[in-house]
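Coordinates in review
Now for the letters of each chain:
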Amino acid sequence: LNHIPSVGPPGLLGSYWTAFKCLTDSSKIVQEGYNKYKASAFKVPNLGHWVVVLNRNHVDDIVSASDKELSFHAAIEDYVRPAHTFGPQITHDAYHYSIMKSQLTHNLSAILPDVTDEIAVALDEIVDLTEKEWKCVPVLETVEKVACRASNRAFVGYPLCRDSDWVELNTQLTNAIIKEGLLLSLFPNFMMPLAAKLATKTANRVKRGARHLAPIITERLKCMKEYGKRWNDKPDDFLQWCLDEGKETSADLLAARMFAINFAAIHVSSLTFAQALYCLAANPQYIQSLREEVQTTLGKDGWTKEALSRMRKVESFLKETQRFEGNASLGVKRRALKDITLSDGTLIPKGTYLCVASHAIHRDPHVYKDPDVFDPYRYTKLQDEQGDSSRHQLVAVSPESLMFGIGKAVCPGRFFAAMMLKLMFAHIILSYDLKLRDVSCPASVCMGPAIVANPSADVMIRRRCDE
């Protein structure tokens, strides 16, 4: 990779120093490369290998490449090691992806009432407010529990979605998997089976989850056998769709499958929701207009998919939060499975890890006007100016909007995630008042290539008071 320029001091020690800095300040380092090399590719060091960082004009190369050329799953394998942190069946047959794309997305209207109910109940129980009392709430910890309960109402149904042990297991999942994946990345492949036994808690996790799922699965299999297509009150959730596939009936295997779904769903929705609450508390001047939109829309359509699609200001606020705060300094991960040449002539050797400077693109003044200004209605204005409502929706992806990835590996659950985010945000706007405890908005932090909501920040919250 000597033909591709690098960021940071030269030499072996210089690259290791930059790699360590990337653990806590990757956005700054990637931005440095983005500013210096403009439209060209550059590379940044990881503790184990170099990562080639691509620009916006390379995105079409990623989209047009086949999975046999640039692989998302091969890249994720080396970051998360899913065969060892979830189980080998997750990588051998990822049929849950097709369920996300089909049943989950097509059944949003059907599952929305239950998810809406769970959000309202979870907020009430977890925030636990008395009348008109301001309370200091740890934001990320709170929203993770709410997002977990609401997501699992659609994944495993009631009452398991409210079980404290199931919620704890799944809210702790993301940090556990990322830490375990990082540890495993330090070992060579021939040591991986032994390292997985020592460095992961996969077996304990699966056993703990299976204890919850086993009686539910047994009862559902019994009803499927007894009633067949005549099962009138058949559950309409992810667990049931997995059982309908007929590929797995073991509680252990289905527990691992549910963990894989929760890992993605809770991580995405809770981090963005936490960032949105920080931005809302820091910008109280927008609360009234958002509240009026939610009240007007719900008054006409109730809590429905159609109502959510008409909450343009809510959607714009959430999308601007994603753009402004970011979820990754390096997004759109790929690994080259063969030598390829990009459209600008850059050679990418087999085995190279690739990413896109997604957050730098989202803050580029050539892409967005006043990119360092938080403009919550940026996307409603763009829709009105361009006359294209679909292009700037929360779920829309493009070379300028990479929050959910792009190409063949675009997030298959983004429609569910967007529904969750809009429902949770609308509930907060409608039922609660927010304010910052401190003067400034809590800044997001870098954890490797990821950008996450400040994990230790609080906001002040109370039940809505209009006087």
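Here's a quick rundown of the structure. Since the model is a prediction, treat every value here as computed from it, not as a measurement. (Residues numbered from 1 in each chain as written. Predicted model: local features only at pLDDT ≥ 70, side-chain atom pairs only at ≥ 80, totals over all residues. Heavy atoms only, no water.)

1. Describing the overall build of the protein
Each helix and strand in the protein was counted, giving 20 helices and twelve strands. At 22 Å, the protein has a C-alpha radius of gyration in line with the 23 Å of a compact globule built from 467 residues. Along the first, second and third principal axes, the C-alpha atoms of the protein reach 60 × 55 × 40 Å. Across the 467 residues in the protein, those meeting the buried criterion constitute 53%. The long-range fraction of contacts in the protein, counting pairs at least 24 apart against all pairs at least 6 apart in sequence, stands at 74%. If you sum the accessible surface of the protein, you get close to 21100 Å²; carbon and sulfur atoms cover 54% of it. (Helix = DSSP H or I, 4+ residues; strand = E, 2+ residues; numbered from the N terminus. Rg over C-alpha atoms; globule rule 2.2 N^0.38 Å. Buried < 20%, exposed > 50% of the residue type's maximum accessible area, 1.4 Å probe, protein only. Contact = heavy atoms within 4.5 Å. Areas by Shrake-Rupley, 256 points an atom, 1.4 Å probe, with all protein chains shown as cover.)

2. Considering the packing of aromatic side chains
Applying the stated criterion across every chain, the model contains eleven aromatic pairs. For the pair Phe86 and Phe263, a centre-to-centre distance of 5.6 Å together with 70° between the ring planes defines the contact as edge-to-face. With Phe86 in the loop between helix 4 (82–85) and helix 5 (88–92) and Phe263 in helix 14 (residues 251–282), the pair connects residues that are 177 residues apart, well separated along the chain. The class of Phe86 is buried, set by a relative accessible area of 6%. Measuring from centroid to centroid gives 6.3 Å for Tyr368 and Tyr379, while their planes differ by 75°, and the two rings are edge-to-face. In this pair, Tyr368 sits in the loop between helix 18 (358–362) and helix 19 (378–386) while Tyr379 sits in helix 19, placing the two residues eleven residues apart along the sequence. Overall, the relative accessible area of 2% leaves Tyr379 in the buried class. Taken together, Phe155, Phe238, Trp241 and Phe416 form an aromatic cluster joined through their ring pairs. Arg363 extends its terminal NZ or CZ atom over the ring of Phe324, reaching a point 4.2 Å from the ring centre. (Phe/Tyr/Trp six-rings, centres within 6.5 Å; stacked < 30°, edge-to-face > 60°. Lys NZ or Arg CZ within 6 Å of the ring centre and 35° of its normal.)

3. Description of empty space enclosed by the protein
The gaps of empty space that remain are located by a probe, the size of a water molecule, rolled over the atoms. In total, this model carries one cavity of 30 Å³ or more according to the counting rule given. In this structure, the largest cavity encloses a volume near 80 Å³. What lines the largest cavity is simply Leu123, Val127, Val137, Val139, Thr142, Val143, Phe273, Leu277, Ile428, Leu434, Val459 and Ile461. Only helix 7 (108–127), helix 8 (139–155), helix 14 and strand 12 (458–463) provide two or more residues apiece to the lining of the largest cavity. Looking at which element gives the most residues to the lining of the largest cavity, the answer is helix 8, with three residues. Class assignment of the residues belonging to the lining of the largest cavity gives a composition of eleven nonpolar, one polar and no charged. (1 Å grid on protein atoms, 1.4 Å probe; cavity = no way out; pocket = protein on both sides within 12 Å on 5 of 7 lines; lining within 4 Å. Points joined across faces, edges and corners; volume = space filled by probe spheres on them. Nonpolar A, V, L, I, M, F, W, Y, C, P; charged D, E, K, R; others polar.)

4. Digging into the state of the cysteines
The full count for this structure, using the stated rule, is zero disulfides. In this structure Cys441 is a free cysteine whose sulfur lies 4.8 Å from that of Cys279, the closest cysteine sulfur available. Left without a disulfide partner, Cys446 is nearest to the cysteine sulfur of Cys22, which lies 9.1 Å away. Owing to a relative accessible area of 16%, Cys446 belongs among the buried residues under this scheme. (Disulfide = S-S within 2.5 Å.)

5. A short note on the pairing of strand 5 (residues 331–336)
Among the six residues that make up strand 5, five are buried, leaving the element largely enclosed by the rest of the structure. Where strand 3 (residues 70–71) meets strand 5, two bridges bridge the pair, whose relative direction is antiparallel. The residue of strand 5 that forms the bridge with Leu70 is Ala336. Direction of pairing for strand 5 relative to strand 8 (residues 353–356): antiparallel, over a ladder of three bridges. Across the sheet, the residue bridging to Arg334 is Leu354, located in strand 8. (Pairing = 2+ DSSP bridges.)

6. Quick look at the environment of Pro113
Following the sequence through the fold, Pro113 ends up in helix 7. C-alpha separation for the pair Pro113 and Thr304, spaced 191 residues apart in sequence, amounts to 7.6 Å.

7. Things to note about the pairing of strand 2 (residues 50–54)
Judged by how many residues are buried, strand 2 sits mostly within the fold: four of five residues are covered. As judged from the four bridges shared by strand 1 (residues 42–45) and strand 2, these two strands associate in the antiparallel manner. Paired with Val44 across the strands is Val51, a residue of strand 2. The turn joining strand 1 and strand 2, which pair antiparallel and follow one another in sequence, is formed by four residues. In this sheet, strand 8 lies alongside strand 2 in parallel orientation, the contact comprising four bridges. By the bridge assignment for strand 8, Val51 is matched with Tyr353.

8. Focus: the side chain of Thr297
Structurally, Thr297 is set in helix 15 (residues 287–301). Residue classification places Thr297 among the buried positions, given a relative accessible area of 8%. Apart from residues no more than four positions distant in its own chain, Thr297 is found in contact with Gly302, Ala307, Arg310 and Met311.

9. Points about the sheet that holds strand 12
Strands sit in the order 4-12-9 across an open sheet of three strands; the sheet is antiparallel. Of all strands in the sheet, those bounded by a partner on one side alone are strand 4 (135–138) and strand 9 (432–436). The mean angle between the axes of side-by-side strands here comes to 40°, regardless of whether they run parallel or antiparallel. Sheet strands in contact with helix 8 are strand 4 and strand 12, and its direction is about 70° off that of strand 4. (Axes fitted to C-alpha atoms, helices over the stretch in contact; angles between N-to-C directions.)

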